[in-house]
Protein chains: 2
Amino acid sequence: MTRERLSLYDTTLRDGQQTQGVQFSTDEKRQIASALDALGVDYIEGGWPGANPTDSAFFDAAPDTQARLTAFGMTKRAGMSAENDDVLAAVLNAGTKSVCIVGKAHDFHVKTALGITLEENTDNIAKSIAHLVAQGREALFDAEHFFDGYKANPDYALTTIRAAFDAGARWIVLCDTNGGTLPAELAEITRAVIEAGIPGDRLGIHTHDDTENAVACSLAAVDAGVRQIQGTLNGLGERCGNANLTTLIPILLLKEPYASRYEIGVTHDALRGLTRTSRMLDEILNRVPMKQAGFVGSSAFAHKAGLHASAIAKDPSTYEHIDPALVGNARIIPMSNQAGQSNLRKRLSDAGLAVEKGDPALGRILEVVKDREAQGYAYDTAQASFELLARDVMGQLPQLFEVERYRVTVERRRNAEGRMVSLSEAVVVVEVDGEKRLSVSESLDEDGADRGPVNALSKALVKDLGKYSSLLDDMRLVDFKVRITQGGTEATTRVIIDSEDGQGRRWSTVGVSANILDASFEALLDAIRWKLIRDRAQ
Amino acid sequence: MTRERLSLYDTTLRDGQQTQGVQFSTDEKRQIASALDALGVDYIEGGWPGANPTDSAFFDAAPDTQARLTAFGMTKRAGMSAENDDVLAAVLNAGTKSVCIVGKAHDFHVKTALGITLEENTDNIAKSIAHLVAQGREALFDAEHFFDGYKANPDYALTTIRAAFDAGARWIVLCDTNGGTLPAELAEITRAVIEAGIPGDRLGIHTHDDTENAVACSLAAVDAGVRQIQGTLNGLGERCGNANLTTLIPILLLKEPYASRYEIGVTHDALRGLTRTSRMLDEILNRVPMKQAGFVGSSAFAHKAGLHASAIAKDPSTYEHIDPALVGNARIIPMSNQAGQSNLRKRLSDAGLAVEKGDPALGRILEVVKDREAQGYAYDTAQASFELLARDVMGQLPQLFEVERYRVTVERRRNAEGRMVSLSEAVVVVEVDGEKRLSVSESLDEDGADRGPVNALSKALVKDLGKYSSLLDDMRLVDFKVRITQGGTEATTRVIIDSEDGQGRRWSTVGVSANILDASFEALLDAIRWKLIRDRAQ
C-alpha cells in the first residue's frame, strides 16, 4: 500500500518567535534552521522580511537547506496594487522560492481590524497570490481565523480561500488563529471545505494550543483530509503556543493509523535526534526544558510508582507506549530503588569507572549527588563534573595542581575621549609540583573589546600551569550558561561551561556559588581537571 | 433542554503525586483538597491508605468536603479472600464513602506483571468490588491498561469490566495507563464498550498526556458517551501527567457543544478562581507556573504580534477565544520588537506618558527598542527600563545624578583556618548636584556570608546619593535573573532585576553587557532612577 505524503511546515522562526520573552538572534535563527533541516521538515518559515531587522538579516545570509526556506508576509493593502505594496515587496525581496502570506477569512475581522469591504479583502487575497505566482514563487495562503470565520459566515470564509486557490496558491492553510476551536468541530469544518471543492492535498492546518488541543486538532484535520501541518519545535508560539511538531513528528512516524497511512520527510534515524533537537532549542532560549513534555521530556519515561518500576524491570512495554530510544530519550528509574543504582553504574562505566554491583561507594556517590543537587548543582548536564565528583568519593581524583588564591578587579571609568569603558584584570596563584606560579590577564580581546571578568579569570588560570600548560593548548571554552537557581536577594548562581578540544571532545562542567565569579571559576577548574585526567590517561 | 450531568473525579493527590519530584505533605494535601472542593469537583481521590504514611495521615484527619473523598487501592490478591487481604483492608479502613480500586484489564499484564491466570484476575476484580459494595461503599473500578488490553484481546478486556459492573461498581473507569492511545481510536473503543452493554453513565475516562492528547482523549470519550472524567490540577501525574482538569473545566463550562449539553459541579463563579487555584498549586510545589498553560498561564492572553495587539485594542474578541476574566486571568500586551505603534502607545500611557497617535517620537522609540533588543535587551519583561528609554527619547528623563566610575575587587584566598573564602569590595563614585561622592561596600551579609560582587556593587551605589538617599530607604532588590543571550566565548549577559518598595510597587529593569557586573550595574541604575522619578512626581 502506498502511503500518502504529508508535508511538515515549521514556523518556529516566525510564529515561534511570538512567544512571550523569545527573541532570536540572526545566528540563533541559523542554528535552529539547520537543526530543522537535519530533522527533515519540508518548509522552514524564516520570518517576516522587512518587519524586523533580525528577520531581514537572516534572509540576507540564508543557510543552505534541503527544506524550502519560506518568507512570511501579508496580503497587499487595499488602495494599492500588489506591485506597489512596499510591505509585500520586502517579502519578495528576500528571494525565497516559497512565500507564505496571511490574509483574513473572517468577515468580522475584515470590517473591524481592516475596515475595508469584503470584496476589497477578497481582491487583495487574489491579487497578492497572483503576484507571487507571476514572480515565479510557490505561494502559500494562511487563511487567518478561518474556523471562527466559517462559523460566522461560511460563504465568505469559503470565498476567501477559493480566491487564493483560484489565483494559484499551492497550499491553503486553514488557521485556528485564536486557538478556540475543538477537534471535532475543526474536523467537521475541514470536511466541509473539501466537500466545497478545495482538495485535501492543497490544504494545510495551523492550530494553537489555547485549549491544549493543538496536536489533536492537527491530527483531526489530517483525518479529515488535509495534507500539510504547520507547527513549531517545542510548541513555541503566540499565547499558549502553536501545534507542537516535537510531538506530532513521533506520532506520525510511530503511531497508528498514521505510520501506515502517511509518509513524512523525517526518517527514523533523524527521529533519534528529536530529544537532542528539543533540548538544543531550550538551550538557545535558556529555558529549563519542560520535564513533562511528551516524547522528549526528561520525565516522559520516568517511572515513579513502585508497581510501575518493578513491572518495567520485567518488560518495559508494560508502562511505556514507545521505546524511548526511538526519539533519543531515556528511561529513568528513580535513584532511590535498586534499578536506580544500576543506572548510576551505567553512568560511571560510561565515564570509564568500573564499579561492582553492591559496592558501598555507589550509595555514597548518590548521597553526595543528592546533597549537591539540593545546593543547585546539575549533574544531568555536567557529566564531566559528575565524573570528577565520583572519582573524588572513590579516592581516584589525582591532585594535579592547587589554586592558592585569585583576585579580579573590574573597573569602569571614562576614557580619554570621555566614553565610559570597562576593564577587568585577574591574578591567579597556583601551586604545581610544589612550585608557586602567578599569572595575570586582562579582559580585552584581540579587537580591544572588553569581554568581562570571567574571561580575564579564565585566561589567567590557564596561562601558566607548568608542565600541564601544553596539554591545554587545544582546549577552548565554547559555551557559558548562567542560571540563578534561587531567586531574590540570596540568589545562588549556577554556571555551566562547555569546553572542546582538538580531539573533538566536548564536555560540560558546573559551578555553584552566591558569587558568580566563584561559580565560574569552579566550573573552569573542573573543565581543566577533566581534560588533564583524560589526557594523562592516554 | 435538560443538560446531562458530567462527573469530575480529581486524582491530584494520588496520581498527581506520581509526578517526578512531587511529594505532598499531609498539610499540603489538606490545602489542595479544600481548593478542589471550592472549585466544585465531585470526587477527590486522597491517596492510597496503607501504602504510604502521608496518605494514611491525610485520611486519619480528613477534611470535611462537599466532594466525595475517595480512597484508592487495588483489587485483592489471588490466593486470599477479599475479606482477608490486608492491603484492601487498609483502604477500607480509611472509612471513605467511595473507594476506587485498580485492576488489570490487559491479558499481557495479568500474565507478565501478576503471573496469575486470566480467570483468577477476573475473579479478583469481581470479589473485590462485591466486598466494597457489601461494606456499603460506593465502588469505582479503574480498568488499568484498558485500551491497550482491548486492542490485544477485546473479549478479555470486556470480561474484566463486565465483572466489575456485574459486581456493582458505580463507575467503570477506562484507563489509558501508558498514554499511547490517540483520540479517534480511544473514541472507537469506548463506543464499542457501550455497544457491548456497559451504559455510558456508568463509564469514566482516565488518560495520560504522553502524546499531548489527554484533554482531547477525555473530550472524545465524553463525545462517545462516558460521563465521568478523571484528571488532575495543572495536569500533574506520572510521566507526562494526567488529563488536565484546569483545562477541561473551562472547556466544559465555556465551549460548545459541551456548555449546552452538559452540567458539571463547577459554577461560573468558582471558575473565576481557576487561575488562582492553579498558581496556588505551583506555589505549594515551588514550581514556576507554566507561562504557556491554556486558560491559566500568564502568556495565555498575551498578545505579542503587533497586528494582534492593535486589533485587540479595537475589540478583544479579535484574538481571544474567551474573555480572560472568566477564568480569573488577565490580558497582557507586551512590548517587544514585534510591537506595533498601538501596542507602544498603550505601554506609554500605562507608564503615565501620554503620546498622541502619529507623534514622531513613537517611531523613534520603536527604533531604539528594536536596536537595543537586537543587542540583547528585553523590554517585554523590563517595563521600568522601557519607560526610562522612552523618557530619554522624548527628552523627559531628568539627569538626577551621574556615575563617574566604579571599581570592584573580588578575592578568593585561604583564611586563617585554611578554608577558601571569597570577599568582594566595591567603590562607586557619583556626582550629585555638582558634588562628588565616594562610597565603598563589601559583599558580606549580616551573617558574614559572601553574597558576591553584584551585592557589594549594589550596596555601594545606594549608600550615598546625597539628597536622594532617603528616598531609597524603602527600596529592595527582590529578584535577579541572568541569561547569556549570545553563547560561546563572545557571551553577552542580560541581567533582569526586580525591585520593590514600601508602597508595594514592583518594577523590573534590564542591563546588557559582555561584562556581567556592567550589566548588573546598568539594571541597578535603572531601578534606582525609575524609583526616584516616580517618587519625585508624587
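Residues numbered from 1 in each chain as written. Chains lettered and ligands numbered in written order. Predicted model: local features only at pLDDT ≥ 70, side-chain atom pairs only at ≥ 80, totals over all residues.

**Student:** Sorry if this is basic, but what is going on with the overall build of chain A here?
**Tutor:** Within chain A one finds 19 helices and 16 strands. Referenced to the eigenvectors of the C-alpha coordinate spread, the extents of chain A come out at roughly 85 × 75 × 40 Å. Counting the 538 residues in chain A, one finds 50% classified as buried. By sequence separation, contacts in chain A at least 24 residues apart represent 66% of the contacts at least 6 residues apart. (Helix = DSSP H or I, 4+ residues; strand = E, 2+ residues; numbered from the N terminus. Buried ≥ 20, exposed ≤ 12 C-beta atoms within 10 Å, placed from the backbone. Contact = placed C-beta atoms within 7 Å.)

**Student:** In this structure, what is going on with the pairing of strand β11 (residues 402-414) of chain A? I would like to understand it.
**Tutor:** Side-chain positions along a regular strand alternate between the two faces of the sheet. Note that β11 of chain A and strand β12 (residues 420-432) of chain A share 12 bridges and pair antiparallel. The residue bridging Y406 of chain A from the neighbouring strand is V428 of chain A, located in β12 of chain A. Connecting β11 of chain A to the antiparallel partner β12 of chain A that follows it, the hairpin turn spans five residues, and G418 of chain A within it adopts a positive phi of roughly 85°. Pairing between β11 of chain A and strand β11 (residues 402-414) of chain B: seven bridges, direction antiparallel. Paired with T409 of chain A across the strands is T409 of chain B, a residue of β11 of chain B. (Pairing = 2+ DSSP bridges.)

**Student:** For this particular structure, what's the right way to read the interface of chain B and chain A?
**Tutor:** The figure often quoted for interface size is the accessible area lost as the parts come together. Counting from both sides, the interface comprises 91 residues of chain B and, opposite them, 87 residues of chain A. Here the element with the most residues in the side of chain B that touches chain A is β11 of chain B; it accounts for 10 residues. Looking at side-chain class alone, the side of chain B that touches chain A contains 33 nonpolar, 31 polar and 27 charged residues. (Nonpolar A, V, L, I, M, F, W, Y, C, P; charged D, E, K, R; others polar.)

**Student:** Is there a simple way to explain the domain arrangement of chain A in this structure?
**Tutor:** Under the domain assignment used here, chain A contains domain 1 (4-266) and domain 2 (402-464). Taking only C-alpha atoms into account, the centre of domain 1 of chain A sits 51 Å from that of domain 2 of chain A. (Domains from an automatic or database assignment.)

**Student:** I would appreciate a short explanation of the sheet that holds strand β9 (residues 228-231) of chain B in the present structure.
**Tutor:** Residue and element names in this part refer to chain B. In spatial order, the strands read β2-β3-β4-β5-β6-β7-β8-β9; together these eight strands close into a barrel with parallel pairing. Within this sheet the neighbouring strands show an average axis-to-axis angle of 25°, counted without direction. Relative to β9, strand β8 (residues 203-206) runs parallel, the two sharing three bridges. Bridge assignment links G204 to a residue of β9, and that residue is Q228. Running over the sheet, helix α2 (residues 53-60) touches β3 (43-47) and β4 (68-74) and is turned about 130° from β3. (Axes fitted to C-alpha atoms, helices over the stretch in contact; angles between N-to-C directions.)

**Student:** Got a minute to help me understand the environment of R191 of chain B in this structure?
**Tutor:** Residue and element names in this part refer to chain B. By secondary structure assignment, the location of R191 is in helix α8 (residues 183-195). R191 sits in the partly exposed class, given 15 other C-beta atoms within 10 Å. Along the chain, R191 and A224 lie 33 residues apart, while their C-alpha atoms are 5.6 Å from each other. Setting aside residues up to four positions removed in sequence, R191 forms contacts with A224 and G225.

**Student:** Whenever I open this one, the UniProt feature "domain: Pyruvate carboxyltransferase" (unreviewed entry) in chain A confuses me. Can you help?
**Tutor:** This chain's UniProt record puts "domain: Pyruvate carboxyltransferase" (unreviewed entry) on residues 6-272 of chain A. As annotated, residues 6-272 of chain A comprises 44% helix and 17% strand, and the C-alpha atoms at either end are separated by 20 Å. (UniProt positions renumbered as here; feature names shortened; annotations may be inferred.)

**Student:** Teacher, can you tell me more about unusual backbone geometry here?
**Tutor:** Trans peptide bonds make up most of the peptide bonds, and negative phi angles are found at most residues other than glycine. Residue and element names in this part refer to chain A. In this structure, the amide linkage connecting E256 to the following residue, P257, adopts the cis form with an omega of 10°. Summarising the element assignment, P257 is placed in the loop between α10 (245-254) and α11 (258-261). The backbone of F295 shows a phi angle near 65°, a positive value even though the residue is not glycine. Along the chain, F295 falls in the loop between α13 (274-285) and α14 (306-314).

**Student:** Mind showing me how you'd approach the confidence of the model for chain A here?
**Tutor:** Atomic detail in the predicted coordinates should be set aside for any region of low pLDDT. When the pLDDT values of chain A are averaged, the result is 91; 96% of them are 70 or greater. For this predicted complex, the interface confidence score (ipTM) comes to 0.76, while the overall pTM stands at 0.76. (pLDDT = per-residue confidence, 0-100.)

**Student:** Would you mind going over helix α18 (residues 453-463) of chain A with me for this structure?
**Tutor:** Side chains three or four residues apart in an α-helix point the same way, a direct result of the helix having 3.6 residues per turn. Counting buried positions over the 11 residues of α18 of chain A gives nine, a clear majority of the element. Along α18 of chain A, the positions that sit buried rather than exposed are P453, V454, N455, A456, L457, S458, A460, L461 and V462 of chain A.

**Student:** How do you make sense of the packing of helix α1 (residues 26-39) of chain A against α13 of chain A when you look at a structure like this?
**Tutor:** The axes of two packed helices give the description: the angle between them and the distance between them. Residue and element names in this part refer to chain A. Closest axis-to-axis distance for the α1/α13 pair is 11 Å, and the angle between their directions is 175°. In terms of axis orientation, α1 runs roughly antiparallel to α13. Contact residues: E28, Q31, I32, A35 and L39 in α1; T277, M280, L281 and I284 in α13. Taken together, the residues that form the contact of α1 with α13 break down as six nonpolar, two polar and one charged. (Parallel < 35°, antiparallel > 145°, perpendicular 65-115°, else oblique.)

**Student:** It is not clear to me how the sheet that holds strand β13 (residues 435-442) of chain B should be interpreted in this structure. Could you clarify?
**Tutor:** Backbone-to-backbone hydrogen bonds join strands into a sheet, with any given pair of strands oriented parallel or antiparallel. The strand order across the open sheet built from six strands is β13(A)-β12(A)-β11(A)-β11(B)-β12(B)-β13(B), with neighbouring strands paired in antiparallel fashion. Each edge of the open sheet is held by one strand with a lone partner, namely β13 (435-442) of chain A together with β13 of chain B. Here the strands of the sheet are splayed against their neighbours by 10° on average, with no regard to which way each runs. Sheet strands touched by helix α18 (residues 453-463) of chain B: β11, β12 (420-432) and β13 of chain B. Its angle to β12 of chain B, the strand with the most contacts, is close to 30°.

**Student:** In this structure, what is going on with the packing of helix α14 (residues 306-314) of chain B against helix α15 (residues 341-350) of chain B? I would like to understand it.
**Tutor:** Residues and elements named next belong to chain B. Packing of α14 against α15 brings their axes to within 7 Å, and their N-to-C directions diverge by 60°. For the pair formed by α14 and α15, the contact residues are G306, A309, S310 and A313 on the first element and S342, N343 and K346 on the second. Its residues assigned to classes, the contact of α14 with α15 shows two nonpolar, four polar and one charged.

**Student:** How should the nonpolar core be read in this particular structure?
**Tutor:** One broad rule of soluble globular proteins: the nonpolar side chains tend to lie buried together. Residues F141 and I172 of chain A together with F141 and I172 of chain B are the most contacted members of the largest nonpolar core, which totals 195 residues. Leaving out residues up to four positions away in the same chain, I172 of chain A has contacts with F141, A143, I161, A164, F165, I198, R202, L203 and G204 of chain A. In this structure, Y377 and A426 of chain A together with Y377 and Y379 of chain B belong to the second largest nonpolar core, which totals 88 residues. (Core = buried A, V, L, I, M, F, W, Y, C linked by C-beta atoms within 7 Å.)

**Student:** What's the story with the environment of A78 of chain B in this structure? I'm lost.
**Tutor:** Residues and elements named next belong to chain B. With respect to the element layout, A78 can be found in the loop between β4 and α3 (86-92). When the C-alpha positions of A78 and G225 are compared, they lie 33 Å apart, and in sequence the two are 147 residues distant. Leave out the neighbours within four places in its chain, and A78 touches I116, E120 and N124.

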